[in-house]
Amino acid sequence: MVKVGFRVILLLVVSSVVVGCSTVAVQSNEYLLMDTGLDNVQALPTESTSVQLMPVVVANYLASNEIVLVTNNGTVHRSQSNLWAETLSPQLTRLTQQRLEKTLPDITWFGGQRLPSYAIALLNIEVDDFYADLDGIVHISGRWQIISATGELSASNTFYVKRELKADGYSTMVRTLSASWFNQVIDPMAKEIAQSFAIKD
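Residues numbered from 1 in each chain as written. Predicted model: local features only at pLDDT ≥ 70, side-chain atom pairs only at ≥ 80, totals over all residues. Heavy atoms only, no water.

Engineer: Could you clarify how one ought to interpret the overall build of the chain in this entry?
Structural biologist: Across its full length, the chain holds three helices and nine strands. Counted from the first residue to the last, the chain has its helices and strands arranged as α-β-β-β-β-β-α-β-β-β-β-α. The burial tally for the chain puts 45% of its 201 residues in the buried class. Contacts in the chain between residues at least 24 apart in sequence constitute 70% of all its contacts with a sequence separation of at least 6. Working note: accessible area of the chain is about 10,600 Å², and carbon and sulfur atoms make up 54% of it. (Helix = DSSP H or I, 4+ residues; strand = E, 2+ residues; numbered from the N terminus. Buried < 20%, exposed > 50% of the residue type's maximum accessible area, 1.4 Å probe, protein only. Contact = heavy atoms within 4.5 Å. Areas by Shrake-Rupley, 256 points an atom, 1.4 Å probe, with all protein chains shown as cover.)

Below you can see the structure in the form of structure tokens.
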């Protein structure tokens, strides 16, 4: 059912490109990622420290505001009528910082250009995949690293998430991407960061 639904979506995307300017523009739907589980996050204790969250880097094919579907052979289909209300990098950066501030409250999190005058650790996150395929499977992958204030690698890992959509449609896709990002990428990352900044006896 989901597989058929995404093939129908693909046909609509392709047909809208073929028709082009000969028809009146279809009104677009815009979506934002939402952290619906933020209020239920359990705080993890760490030593008191400061970390600069660098802007989340996304692969170039994900950098526009068009939501993409990717086929098994790597063909990328961009929706002209289902868009991100804000491009992925700032969305992921802002929401990730909010989740980490709640999960790791003993760490002072700096974002953007708000830097202290002293050296602090850096968290880098790179995203290679953030899409659904035509079989109704969400894919999220990438890597992260914590660099200490002295420039050493304190912690790092990769992430690869595959999760089946429970229903057709872009709204379901966006909700599944959101839940997968926070529950299967950021929460495990936070636990590893907590271990790297564990309170010393």
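Here the narrative resumes.
Engineer: How should the packing of helix H2 (residues 88–103) against helix H3 (residues 170–196) be read in this particular structure?
Structural biologist: A pair of packed helices can be characterised by two numbers: the angle between their axes and the separation between those axes. At their nearest, the axes of H2 and H3 sit 11 Å apart, and the two run at 55 degrees to each other. Judged by the angle between their axes, H2 and H3 are oblique. As for the relative orientation of H2 and H3, their crossing is right-handed in sense. Contact residues: H2 offers Leu92, Leu95, Thr96, Arg99, Leu100 and Thr103, while H3 offers Trp181, Phe182, Asn183, Ile186, Asp187 and Ala190. Residue classes in the contact of H2 with H3 are distributed as seven nonpolar, three polar and two charged. (Axes fitted to C-alpha atoms, helices over the stretch in contact; angles between N-to-C directions. Parallel < 35°, antiparallel > 145°, perpendicular 65-115°, else oblique. Left-handed = near helix turned anticlockwise from the far one by under 90°. Nonpolar A, V, L, I, M, F, W, Y, C, P; charged D, E, K, R; others polar.)

Engineer: Explain the nonpolar core here, please?
Structural biologist: The nonpolar side chains of soluble globular proteins are, as a tendency, buried together. One finds Leu123, Ile125, Val127, Phe130, Trp181 and Ile193 to be the most contacted residues of the largest nonpolar core, which totals 48 residues. For this core, the secondary structure elements donating two or more residues are strand S2 (49–53), strand S4 (66–70), H2, strand S6 (107–111), strand S7 (121–133), strand S8 (137–147), strand S9 (153–164) and H3. For this core, the element with the highest residue contribution is H3, accounting for twelve residues. Leaving out residues up to four positions away in the same chain, Val127 has contacts with Val56, Val57, Val58, Ala59, Leu62, Leu92, Ser141, Gly142, Phe159 and Trp181. (Core = buried A, V, L, I, M, F, W, Y, C linked by side-chain atoms within 4.5 Å.)

Engineer: How do you make sense of the pattern of salt bridges when you look at a structure like this?
Structural biologist: Opposite charge on two side chains permits pairing when their charged atoms draw close. The tally for this structure, following the rule as stated, stands at six salt bridges. One salt bridge in this structure joins Asp35 and Arg99, with 2.6 Å as the shortest N-O distance. Of this pair, Asp35 sits in the loop between strand S1 (29–31) and S2 while Arg99 sits in helix H2; the two residues are 64 residues apart in sequence, bridging distant segments of the chain. The network of salt bridges with shared partners includes Asp35, Arg99 and Asp187. (Salt bridge = Lys/Arg side-chain N within 4 Å of Asp/Glu carboxyl O.)

Engineer: When you look at the packing of aromatic side chains in this model, what are you seeing that I'm missing?
Structural biologist: Think of a pair of aromatic rings as described by two things: how far the centres are apart, and how the planes are tilted against each other in angle. For the structure shown, the criterion picks out three aromatic pairs. Between Phe130 and Trp181, the aromatic rings sit 6.1 Å apart at their centres with planes inclined by 75 degrees, giving edge-to-face as the arrangement. Placement of the pair is Phe130 in strand S7 and Trp181 in helix H3, with a sequence separation of 51 residues. You can call Phe130 buried: its relative accessible area is 2%. One aromatic cluster in this structure is built from Trp84, Phe130, Phe159 and Trp181. (Phe/Tyr/Trp six-rings, centres within 6.5 Å; stacked < 30°, edge-to-face > 60°.)

Engineer: Would you mind going over the pairing of S8 with me for this structure?
Structural biologist: Remark: a regular strand shows side chains that alternate across the two faces of the sheet. In terms of burial, S8 is a largely internal element, nine of the eleven residues being buried. Pairing between S7 and S8: ten bridges, direction antiparallel. Within S8, the position partnered with Val127 by the bridge is Gly142. Where S7 folds back onto S8 in an antiparallel hairpin, the turn is made up of three residues, including Gly136, whose phi is positive at roughly 80 degrees. (Pairing = 2+ DSSP bridges.)

Engineer: Hey, could you run me through the layout of surface pockets in this one?
Structural biologist: Rolled over the atoms, a probe as big as a water molecule pinpoints where empty space is left. Of the voids in this model, the second largest pocket is the one considered here, and its volume is about 170 Å³. Together, 13 residues line the second largest pocket, and Met34, Thr36, Arg175, Ser178 and Ala179 are the ones closest to its centre. With six residues, H3 is the single largest residue contributor to the lining of the second largest pocket. Of the residues contributing to the lining of the second largest pocket, the split by class is six nonpolar, four polar and three charged. (1 Å grid on protein atoms, 1.4 Å probe; cavity = no way out; pocket = protein on both sides within 12 Å on 5 of 7 lines; lining within 4 Å. Points joined across faces, edges and corners; volume = space filled by probe spheres on them.)

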